[in-house]
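Coordinates in review
These are the residues of each chain, in order.
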Amino acid sequence: MIAPMEHAGTTTRILAIESSCDETAAAVVEGNGTGSATARSNVIASQAALHARFGGVYPDLAAQEHTINIIPVIALALHEAGLLDSPEANGQAVRDALDHVDALAVTVGPGLIGSLLVGTTAAAQLALLAGKPILPMNHWEGHLYSAFLGTEPPAFPILFLTVSGGHTSLILMRDHFQYELLGSTVDDAAGEAFDKCARILGLGYPGGPAISAAANDARAAGTQLKRKLPRPMLGSGTLDMSFSGLKTAVLYAVERGDIRLPGDQAAAARETEDAIVDTLAGKLMDAAAQYQPASLALVGGVAANARLRDELATRAAAAGLPLHVAPMPFTTDNAAMIGAAAVFRYALDQHFAVPPLTIEANASLRL
Ligand code: KG4
Ligand code: ZN
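Residues numbered from 1 in each chain as written. Chains lettered and ligands numbered in written order. Predicted model: local features only at pLDDT ≥ 70, side-chain atom pairs only at ≥ 80, totals over all residues. Heavy atoms only, no water.

For the rest of this paragraph, the subject is the overall build of the chain. A tally of regular secondary structure across the chain gives eleven helices and ten strands. Taking 21 Å as the expected radius of gyration for a compact globule of 367 residues, we find that the chain reaches 21 Å, a close match to that expectation. Taken along its principal axes, the extent of the C-alpha atoms in the chain is 65 × 45 × 35 Å. By residue count, 53% of the 367 residues in the chain fall in the buried class. A fraction of 74% describes how many contacts in the chain between residues 6 or more apart in sequence connect residues 24 or more apart. A total accessible area of about 14,900 Å² is found for the chain, and carbon and sulfur atoms account for 53% of it. The average position of the 23 basic charges and that of the 36 acidic charges among the side chains of the chain differ by 9 Å. (Helix = DSSP H or I, 4+ residues; strand = E, 2+ residues; numbered from the N terminus. Rg over C-alpha atoms; globule rule 2.2 N^0.38 Å. Buried < 20%, exposed > 50% of the residue type's maximum accessible area, 1.4 Å probe, protein only. Contact = heavy atoms within 4.5 Å. Areas by Shrake-Rupley, 256 points an atom, 1.4 Å probe, with all protein chains shown as cover. Lys, Arg positive; Asp, Glu negative; His and termini not counted. Charge placed at Lys NZ, Arg CZ, Asp CG, Glu CD.)

Ligand 1 sits among 18 residues. The nearest are Gly165, Asp195, Gly208, Gly301 and Asn305. At 3.2 Å, a side-chain N or O of His143 approaches an oxygen atom of ligand 1. Contact distances for ligand 1 include 3.4 Å between an oxygen atom and a backbone N or O atom of Gly166. Within the complex, 86% of the 550 Å² of free accessible area of ligand 1 lies under protein. If you list the elements that add at least two residues to the shell around ligand 1, you get α5 (139-145), α6 (190-200) and α7 (207-221). (Near = heavy atom within 4 Å. Polar contact = N/O pair within 3.5 Å; in protein donor to acceptor, adjacent residues only side chain to side chain.)

Before going further, it helps to examine the coordination of the zinc ion (ligand 2). With distances of 2.0 to 2.1 Å, the protein atoms coordinating the zinc ion (ligand 2) are His139 (NE2), His143 (NE2) and Asp333 (OD). Mapping the donors of the zinc ion (ligand 2) onto the primary sequence gives the spacing H-x3-H-x189-D. Of this pair, His143 sits in helix α5 while Asp333 sits in the loop between β10 (323-325) and α11 (336-348), placing them 190 residues apart in sequence. (Donors = N, O, S within 2.8 Å, 3.2 Å for Na, K, Ca; no water.)

In this structure, the amide linkage connecting Tyr205 to the following residue, Pro206, adopts the cis form with an omega of -5°. Among the structural elements, Pro206 can be located in the loop between α6 and α7. Geometrically, the link from Leu261 to Pro262 is a cis peptide bond, its omega value of 5° lying close to zero. Mapped onto the secondary structure, Pro262 falls in the loop between α8 (244-256) and α9 (265-291). Residues other than glycine seldom take positive phi values, yet Met233 does so here, at roughly 65°. One can find Met233 in the loop between α7 and α8. On the accessibility criterion, Met233 (29% relative accessible area) is partly exposed. Backbone geometry places Gln292, a non-glycine residue, at a positive phi of 50°. Mapped onto the fold, Gln292 is located in the loop between α9 and β9 (295-299). With relative accessibility at 60%, the residue Gln292 sits in the exposed group.

A complete count under the given rule lists 19 salt bridges for this structure. A salt bridge links Arg95 to Asp96; its shortest N-O distance comes to 3.6 Å. Looking at Arg95, the relative accessible area reads 23%, which means it is partly exposed. Among the salt bridges present, the one from Asp188 reaches Lys196, with a minimum N-O distance of 3.3 Å. Look at Asp188 and you get buried, because its relative accessible area is 8%. Through salt bridges with shared partners, one network takes in Arg219, Arg231, Glu271, Glu273, Asp274, Asp278, Arg307, Glu311 and Arg315. (Salt bridge = Lys/Arg side-chain N within 4 Å of Asp/Glu carboxyl O.)

One can describe the packing of α6 onto α7 by two numbers: an axis separation of 7 Å at closest approach and a directional angle of 65°. Between α6 and α7 lies a crossing whose hand is left-handed. Residues Phe194, Asp195, Cys197 and Ala198 of α6 touch α7, and the partners they reach there are Gly207, Gly208 and Ile211. Among the residues forming the contact of α6 with α7, the class breakdown is four nonpolar, two polar and one charged. (Axes fitted to C-alpha atoms, helices over the stretch in contact; angles between N-to-C directions. Left-handed = near helix turned anticlockwise from the far one by under 90°. Nonpolar A, V, L, I, M, F, W, Y, C, P; charged D, E, K, R; others polar.)

So, on to the packing of aromatic side chains. If you walk through the whole model with that rule in mind, you get six aromatic pairs. Both rings, one in Tyr145 and one in Phe148, keep their centres 5.0 Å apart while their planes meet at 25°; by these two values the pair is stacked. This pair shows no difference in class: Tyr145 is buried, exactly as Phe148 is. Judged by centre distance (5.4 Å) and plane angle (40°), the rings of Tyr145 and Phe344 are tilted. One end of the pair, Tyr145, is in helix α5; the other, Phe344, is in helix α11, and 199 residues separate them in sequence. Phe344 shares its class with Tyr145; the two are buried. Taken together through their ring pairs, the aromatic side chains of Tyr145, Phe148, Phe156, Phe177 and Phe344 make up a single cluster. Between the NZ or CZ atom of Arg345 and the centre of the ring of Phe177, over which it lies, the distance is 4.0 Å. (Phe/Tyr/Trp six-rings, centres within 6.5 Å; stacked < 30°, edge-to-face > 60°. Lys NZ or Arg CZ within 6 Å of the ring centre and 35° of its normal.)

Function cannot be inferred from these measures alone, as they are strictly geometric.
Given below as structure tokens:
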């Protein structure tokens, strides 16, 4: 059983930093360990356009870009939160602004090691100068806590569908920081399926938004594929999922001529999106029937998908369950979600914040 929040009731203000993949992000977040957390600022410098020509994230380039962006992004986050007069300020002014935060928080993993090191090093140096402790945060926990950045916090037990480029799982949270993994993908993540299918169909990177836009064109035009794509493991009786078969099915359909490119591009994108959404929604509702949560939450980069949001909203309403979807700027990688997890951690146990020089990046950190 989890102890009552040690510091619940006292508002904590945290500067959070996230650089685990290809977004350099910083945010100022406040919270007291009850209800929701509030983002006072949320700055994201996305490198997506830079990596697009490689068809995926190119690790060395990501680290280099983080190095260039990290300090300006942190200064802008402090400025937008009203803690720094000018976003161009550096040195002493940035250090002085940190007098107004209780602690820093930084993503220590999982992620690309070169990317993580830029964020952890910047956080450690700033915290050392300002004499503040740092909360070492898990990127995944951040995605889960993005659900606590809305106006209404989700009620426990919360059934999470977490969907991103690296993860797809169903997690039951009975209380803060108590996680039960109910099921997950046995191969590719849902975001990865979007990205890989988009590549086969000649759509850009990142694949999720590209598929979504093309799928909407097909819906508007009323076009669809003659032959449906599979919904793997739907009705398998387990809460595990599989998405690698979908990519193979799209590839074979192209090779067989069932999908003719570029003419069938939009129709194929529509069917791909429907197949992924049907599978995710089916598994979430199977888990809800089995575990009887008080609320549902959708988090992670793929939560930006409008078709998925709509489908889950319909099914949750039919089941009489409130659905919490991370507010839009907090779905794909951002620092506000890291700050949200951090304010709840700090409220529960101030010793979760450690001296700056003990912070270490861990590329394969687990939840
Ligand atoms: O959470 P995230 O930003 O990074 C990871 O931690 O992986 O998720 C990135 C993933 C990518 O696979 C991207 O294609 C997907 O989220 N994504 C979307 C949409 N926006 C981003 N997938 C479907 N529809 C979208 N609108
Ligand atoms: Zn992420």
